[in-house]
Amino acid sequence: MKEPLAYRLRPETIDDILGQKDLVGENGIIRRCLEKQTIFSCIFFGPPGTGKTTMARVIANELHKPYRQFNAVTGNKKDLDQIFAEARLSGQLIMICDEVHRLNKDKQDLLLPHVEDGSVILIGATTANPYHSINPAIRSRCHLFEFRPLTDEDIGEGIRKALESQKGLNNEYTIEEDALQVICDTVNGDIRWALNILEISAVLSPDKVIRKETVQENCRHVSNRSFGSEDGHYDLLSALQKSIRGSDPNAALYYLSILIQSGDIESISRRLLVIAYEDIGLANPALAARTYSACQAAEHVGFPEAIIPLGMHVIDLCLSPKSRTAADAIHKAYSIAESKACDMPKYLKLSPVGLARNEQYSYERYDCFHKIQYLPDELKDVDLFPSFNPNRYEQQLKQIYEELKQNKRTSNLKELYR
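What you see is a predicted model; the values in this text were computed from it and never measured.

A. Representation of the overall build of the protein. For the protein, the helix and strand inventory stands at 21 helices and 7 strands. The C-alpha radius of gyration of the protein comes to 31 Å, more than 25% above the 22 Å expected for a compact globule of 418 residues. Projected onto its principal axes, the C-alpha coordinates of the protein cover approximately 100 × 55 × 40 Å. With 418 residues in all, the protein has 42% of them scored as buried. Carbon and sulfur atoms provide 52% of the accessible area of the protein, an area that totals close to 23500 Å². Considering the protein, the positive charge centre built from 51 side chains and the negative charge centre built from 58 side chains are found 6 Å apart.

In structure tokens form, the structure reads like this:
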């Protein structure tokens, strides 16, 4: 069986690696380590198709060290024991661990002592954010290196090498510039996906020239990093919220459109509801109910039609006045409640003990409800509303709030009820 083009063209030396100039360029940290004939345990993280596993293999080849590959999902204790035995025989062994963030506690407990004493050099590869997904015990023993998406120039260089290489297409095909640009625009920095498109386009070209139309016919969707990475998905949700918060409907609709491609209507709906309460808040309270209705409508009709209510409502959220007054107030209250334990005034308890009748809360004294102290004594002067936004609704709330503050709040109900 003929091996895929991307597999045949995997770099074998550090000079063959595309992109990642901060790591393998003239003064790149990995290049300098290899010049010193040494490497340390490390974790490579970044989007798919950026060369993480390839880099690990190149390191092993450049250092002439034995290496073994281990998949954190499918590998088991027996596989690890075999790796450790080989490490003892060879003195030191490089272990390339795919999906390193999936290592469970049992596998970590077996691996850590060998990484600690240096008999196993761990090179982990992951598309997840290591600061969130990698166990601290592993992370503290490794250097972290981020792999960034390849540029269009890197992708173009890789495609031209593939066309010329004897392992590749061996100068049998040429590619038009607009066809090359379509591939660069589609793959989002993923060289593996670019070579896959090139290979199928070459096979299906009516002649030896790869044209734009052929590429477009055989590439029906854009490669999106958020689909292969949980972190990428949450990054898009974050970008959507920040764009709405910044009142930029163009950016918000763009990020919404990428999220829609994943088909995760539930995550989109949850985030829009959070935005309505957190970022719009008291500046436009009715918008929260409209957001819920729009999300329900989108879920009811489903995709593809759901993009219409979602898109319409994102515009509404973007152009609405914004206020974080309510969100900031509850966060401040929660922070106080979390850090300080205070006992409520006795007269607020359901069944107060040791209080005379005229010192208890009176359900009949409607005229006094707004004059009573409700906060604990230690917190009676706390103000959770240091400022209000200058929109009409909040200015009305501010006026009411200031009028209520002027009424003296007292804990002496006996004096109040006179």
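Once you've had a look at it, read on.
B. Examining the pairing of strand 4 (residues 120-126) more closely. By the criterion of burial, strand 4 is predominantly enclosed, with 7 of the 7 residues buried. Residues of strand 4 alternate between two faces, with V120, L122, G124 and T126 on one and I121, I123 and A125 on the opposite face, all of them buried. Both strand 1 (residues 42-45) and strand 4 contribute to a ladder of 4 bridges, which runs parallel. Each residue of the ladder has a partner; that of F45, found in strand 4, is T126. Pairing geometry for strand 3 (residues 93-98) and strand 4, over 6 bridges, is parallel. Bridging across to strand 4, D98 finds its partner in A125. A crossover connection joins strand 3 to the parallel strand 4 through helix 6 (residues 105-116); in handedness this β-α-β unit is right-handed.

C. Focus on the packing of aromatic side chains. Counted according to the given criterion, the structure contains 5 aromatic pairs. Note on F44 and F147: the rings are 4.9 Å apart at their centroids and 45 degrees apart in plane angle, and the pair reads as tilted. In this pair, F44 is assigned in strand 1 and F147 in the loop between strand 5 (143-146) and helix 9 (152-164), connecting sequence segments 103 residues apart. Residue classification places F147 among the buried positions, given a relative accessible area of 1%. Each ring, one from Y361 and one from F369, has its centre 5.5 Å from the other, and the planes form 10 degrees; the classification is stacked. Overall, the relative accessible area of 23% leaves Y361 in the partly exposed class.

D. Region of interest: the side chain of K52. Of note, K52 is situated in helix 4 (residues 52-63). Dropping the residues within four chain positions of it, K52 is found in contact with F44, F45, G46, P47, A125, T126, T127 and F147.

E. Just the environment of P345, in detail. Tracing the chain through its elements places P345 in the loop between helix 19 (325-339) and helix 20 (392-406). Assessed through its relative accessible area of 11%, P345 is described here as buried. Sequence-wise, P345 and E359 are 14 residues apart; in three dimensions their C-alpha atoms are separated by 11 Å. Once residues within four sequence positions are removed from consideration, P345 is found in contact with Q373, Y374, L375 and P376.

F. Structural detail: the side chain of D279. Among the secondary structure elements, D279 is positioned in helix 16 (residues 265-280). For D279, a relative accessible area of 1% translates into the label buried. A polar atom in the side chain of D279 sits 2.7 Å from the side chain of R245. Sequence-distant contacts of D279, defined by excluding residues within four places in its chain, comprise Q241, R245, V274, K322, S323 and R324.

G. A look at the environment of G311. Along the chain, G311 turns up in helix 18 (residues 307-319). Spatially, the C-alpha atom of G311 lies 7.6 Å from that of L256, the residues being 55 residues apart in sequence. Ignoring anything within four residues of it in the chain, the contact list for G311 reads L253 and L256.

H. Quick look at helix 15 (residues 249-262). For helix 15, with 14 residues, the first-to-last C-alpha span of 20 Å sits near the 20 Å given by 1.5 Å per residue. Those residues of helix 15 not exposed but buried are P249, A252, L256, I258, L259 and I260. Measuring from the side-chain oxygen of the N-cap residue of helix 15 to the backbone nitrogen of N250 gives 3.2 Å; that N-cap residue is D248. With its phi angle positive at about 75 degrees, G263 sits one or two positions after the end of helix 15.

Parameters and conventions
Residue positions within a chain follow its written sequence, with the count starting from 1. With pLDDT at 70 or above as the cut-off, local features in this predicted model cover only qualifying residues; side-chain atom pairs require 80 or more to be listed or tallied, and sums for whole chains, interfaces and linings still use all residues. Where side-chain values are given, they derive from all heavy atoms of the structure, hydrogens and water being excluded. What counts as a helix is a DSSP run of H or I of at least four residues, what counts as a strand is a run of E of at least two, and both are numbered from the N terminus. It is over C-alpha atoms that the radius of gyration is taken, and the globule rule equals 2.2 Å times the number of residues to the power 0.38. We call a residue buried when its accessible area falls under 20% of the maximum for its residue type, exposed when it is over 50%, and partly exposed in between, using a 1.4 Å probe and counting protein chains only. The method behind every accessible area is Shrake-Rupley, applied with a 1.4 Å probe, and residues are considered shielded solely by the protein chains displayed. Under the convention used here, Asp and Glu are negative, Lys and Arg are positive, and both His and the chain ends fall outside the count. For the purpose of locating charges, the reference atoms are NZ of Lys, CZ of Arg, CG of Asp and CD of Glu. Strand pairing is defined by DSSP finding a minimum of two bridges between the two strands. Crossover handedness is defined here as right-handed if the route from the first strand over the helix to the second strand goes clockwise, with the strands pointing away from the viewer. Any two rings among Phe, Tyr and Trp, with Trp reduced to its six-membered ring, count as a pair given centres within 6.5 Å; such a pair is stacked if its planes are under 30 degrees apart, edge-to-face if over 60, and tilted if neither. Contacts are assigned to residue pairs that have any heavy atoms within 4.5 Å of one another. Polar contacts, as counted here, are pairs of nitrogen or oxygen atoms within 3.5 Å of one another; within protein the pair requires one atom able to donate a hydrogen and one able to accept it, and residues that are adjacent in sequence qualify only if both atoms are side-chain atoms. Take the residue count of a helix, subtract one, and multiply by 1.5 Å to get its expected span.

Taken by themselves, the reported measurements are silent on function.
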